[in-house]
Amino acid sequence: MREDSDFAVVLLDVVMETPDAGLKLVRIIREELKLTAVRIILRTGQPGYAPELAVIRDYDIDDYRTKSEMTRNRLLTSLFTALRAYSHIHALELSRKGLERIIAASAGLFRRSSLRSFCEGILLQLSGLLDVEANGFVLARVAPSTAARIGDGGEPLILAAAGPFLHLSGTRLSHVEDEPLRTLIASALEEKRSVYLDGVTVLYIPGQSGDDLAIYVATGREIGPDVRRLLEVFCSNVALGFDNVSLLDDVRSLAYYDTLTGLPNRTLFLEEIGKRIARQSASSGVLTVLLLDLDHFQSVNDGLGHETGDRLLLAVANRLCSVFSDQHAVSRIASDMFGVLVSLKQPLDHRDLVRAIELCFVDPFTINGHPIDIRISGGYVLADDLKPDVHRLVRRAGMALKGAKRGGRGRILRFDQAMEEELSGRLSLVSRLAEAQANGQFSLVYQPQIALSDGIAFGSEALLRWQLPEGTWVRPDQFIPVAEDAGHILSLGEWVLRQACLHQVHWRDGAVGRLRMAVNVSVRQLRDGSFVRSAGRILSACNAEPRDIELEITESHAMENDQVLATVRTLRGMGFSIAIDDFGTGYSSLSRLQQLPASVLKIDRSFVTDLGAVPESRSIAATIVKVGHELGMTVLAEGVETAEQEDILRSLGCDAAQGYLYAKPMPAQQFERWILDSAPVHRPATVA
């Protein structure tokens, strides 16, 4: 019995070598061999050696008979009773062990956190339960909500496979070449039932989320009813675990992947940079982190709708992935921003990288049958430091991207140390802006605007200046972008408008007379919902008339989106004059320009500077003048410094000018004296 414990009933004599030899053997069977299921029937020819009732109870003895009582019928009755008891106990024991194995198997499954790992665990645990090799596969027919993640159209997909079926992992059922096997699985799924055949078992598991599972196992034998019942319990646990792991996969997908494009998101992008830094070596090349931003993408959303915008993002993602095909090489890290990770073998390869990116956007994207041209701005950094840091790399790539956008967009710049130094300076300015405003360090200067027809000043432009306590001046192109980024431009812009209105009213009611006052307005102000009300309050408080106040908006900001356009129209409806500043440097379409309720078009100084030397500048200026006049606008040239420039502009039909040729920007009192001294009579804003 030590070597072969497969006994159902033991018929044992109490008295053998010794009067209690039989009872000693019972003790060995129960205590040492741990055979609790085997049934024991005692008999004796010496009634005086009968075991006590406690012994019969403690050692689970089924029956005790003297030899004189052991007739044929009683013997058969005792054997049948013992065999029946053994059968029940054996079945219960099998069930208990089976349940223990199911609990252990389920615990092993639930420790797996990914869908693929979970399905591989099903095969492993199932082979242990059935005591067979792990030969089979797990297949899922997904609900529509899951189809986007592991398949499309709900076609059954093999998620994991083992043994001779390992090559089928990731294969759709329709692509399985074994037709009988394919038919068997399809039948189990369609009939929603498990199939038990001689040597093969197919378990059907309905999921609570609507996904169906089918598990194919080559058992090599037919599965009996007892084991089938255990498998049903196991399958119930698998269904629960599958739903939980699918949910966990969904959560992980949301945490690490962009739902629109399926690309890694910012979180996974950062993790991937860390992994690539850890793997970086001389042979693998230098990791390059590149950030790309779609220029004026908001205009696509506003003009063509968000569905078209989403399709454009998908098309951009696909085109980038076709060029950079390594896993996790392309990420979508913000609404219209993509990240690209590339390892460069040679120092000059970054030029090829830039060319490859630019080529991605040469051809237009066809969305809903319509071509859409889109430009990109980009910034990149090489992880060639001795100790590259993930967040520092991304921050530096971001600095280069911002530099590209500030420089006019449509460019891809490499990070250099000067950018970080510039950022440090910008941060220093941010910390001093609020204090400067509170301590009165800001002031306005005014530059006259001259009618080219008669040389008389008809207006002025208010320009903001910042003087530090030590006497040095901060350039406007340094602090104004910083104020916009930091949000200080809202309060600062309100102060500028109020001061300009006060001076305009002072001149209007005094010796100077009526002059039009041009005031620059930031896009941050136009986006702010309270700007229109604020402008109205300032006019009322200063007793200024809106027709005397001209709000200047840069071209790129004027074209930004429908919200800005709506605000500009409201301001125009209030009576303000609207000027488009720096025209010719932005990204305008004539149809968009036509929608703006502007009355003045200002030629950017970059075209005025080269008027006498560069024919192209003269052609551009002539075109701007013609466009402005066609749209019913007054055209004013900025940055006029020479008489030659003035003569050319006058010959082109330009209406007005401002620049150092006439006067530098001046404080209010000096400007007033200049106006009174420069011409015998100035006249009101007849140019506009």
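Here is what the cut-offs are and how they apply
- Residues numbered from 1 in each chain as written.
- Predicted model: local features only at pLDDT ≥ 70, side-chain atom pairs only at ≥ 80, totals over all residues.
- Heavy atoms only, no water.
- Core = buried A, V, L, I, M, F, W, Y, C linked by side-chain atoms within 4.5 Å.
- Buried < 20%, exposed > 50% of the residue type's maximum accessible area, 1.4 Å probe, protein only.
- Helix = DSSP H or I, 4+ residues; strand = E, 2+ residues; numbered from the N terminus.
- Contact = heavy atoms within 4.5 Å.
- Pairing = 2+ DSSP bridges.
- Axes fitted to C-alpha atoms, helices over the stretch in contact; angles between N-to-C directions.
- Polar contact = N/O pair within 3.5 Å; in protein donor to acceptor, adjacent residues only side chain to side chain.

Colleague: Can you tell me about the nonpolar core, naming the residues and giving the values?
Modeller: Of all hydrophobic cores here, the largest spans 73 residues; its most connected members are Trp466, Ile603 and Leu649. No other element matches the eight residues that helix H15 (residues 489–508) contributes to this core. With residues near it in sequence (within four places) discarded, Trp466 still touches Leu429, Arg432, Leu433, Ala436, Gln441, Phe442, Thr472, Trp473, Val474 and Phe479. Core analysis: the next-biggest nonpolar cluster, separate from the first, contains 31 residues, Leu294, Leu320, Leu353 and Ile374 among them.

Colleague: Give a description of the sheet that holds strand E6 (residues 195–197) that names residues and reports values.
Modeller: In spatial order, the strands read E5-E4-E8-E7-E6; together these five strands make up an open sheet with antiparallel pairing. Edge positions in the sheet fall to strand E5 (157–162) and E6, since each of these pairs with one other strand and no more. Each adjacent strand pair in this sheet contributes to an overall mean axis angle of 15 degrees, direction not counted. Bridge count for strand E4 (residues 136–141) against strand E8 (residues 212–218) is six bridges, and the pairing is antiparallel. Its bridge partner being in E8, Gly136 is matched across the sheet by Val217.

Colleague: Explain the sheet that holds strand E3 (residues 63–66) residue by residue, including any values.
Modeller: Strands sit in the order E1-E2-E3 across an open sheet of three strands; the sheet is parallel. Only two strands of the sheet have a single neighbouring strand rather than two, namely strand E1 (9–13) and E3. The average undirected angle you get between the axes of adjacent strands in this sheet is 20 degrees. Where E1 and strand E2 (residues 39–44) come together, five bridges link them in parallel fashion. Considered in E2, the bridge of Val10 is made with Ile40. Sheet strands touched by helix H1 (residues 21–32): E1 and E2. Its angle to E2, the strand with the most contacts, is close to 175 degrees.

Colleague: I'd love a proper account of the side chain of Ser522, names of residues and values included.
Modeller: Relative to the helices and strands, Ser522 resides in the loop between strand E19 (516–520) and helix H16 (523–527). Taking relative accessible area as the criterion, Ser522 reaches 5% and is therefore assigned buried. In this structure the side chain of Ser522 is engaged in a polar contact, spanning 3.1 Å, whose partner is the side chain of Glu484. Among the polar contacts made by the side chain of Ser522, one reaches the main-chain amide nitrogen of Arg524 at a distance of 3.0 Å. Excluding residues within four positions of it along the chain, Ser522 makes contact with Glu484 and Ile489.

Colleague: Lay out the environment of Leu124 in plain terms, naming residues and giving numbers.
Modeller: Its place among the elements puts Leu124 in helix H4 (residues 115–130). By relative accessible area, Leu124 is classed as partly exposed at 48%. As a C-alpha pair, Leu124 and Gly136 span twelve residues in sequence and 9.8 Å in three-dimensional space.

Colleague: Any chance you could break down unusual backbone geometry for me, citing the residues and the numbers?
Modeller: For residues other than glycine, phi is negative in most cases, and the peptide bonds are mostly trans. Although it is not a glycine, His296 adopts a positive phi angle of roughly 55 degrees. Residue His296 is classed as buried on the basis of its relative accessible area, which comes to 18%. Positive phi values are uncommon outside glycine, yet His328 reaches one of about 60 degrees. Along the chain, His328 falls in the loop between helix H10 (306–323) and strand E10 (330–334). For His328, a relative accessible area of 17% translates into the label buried.

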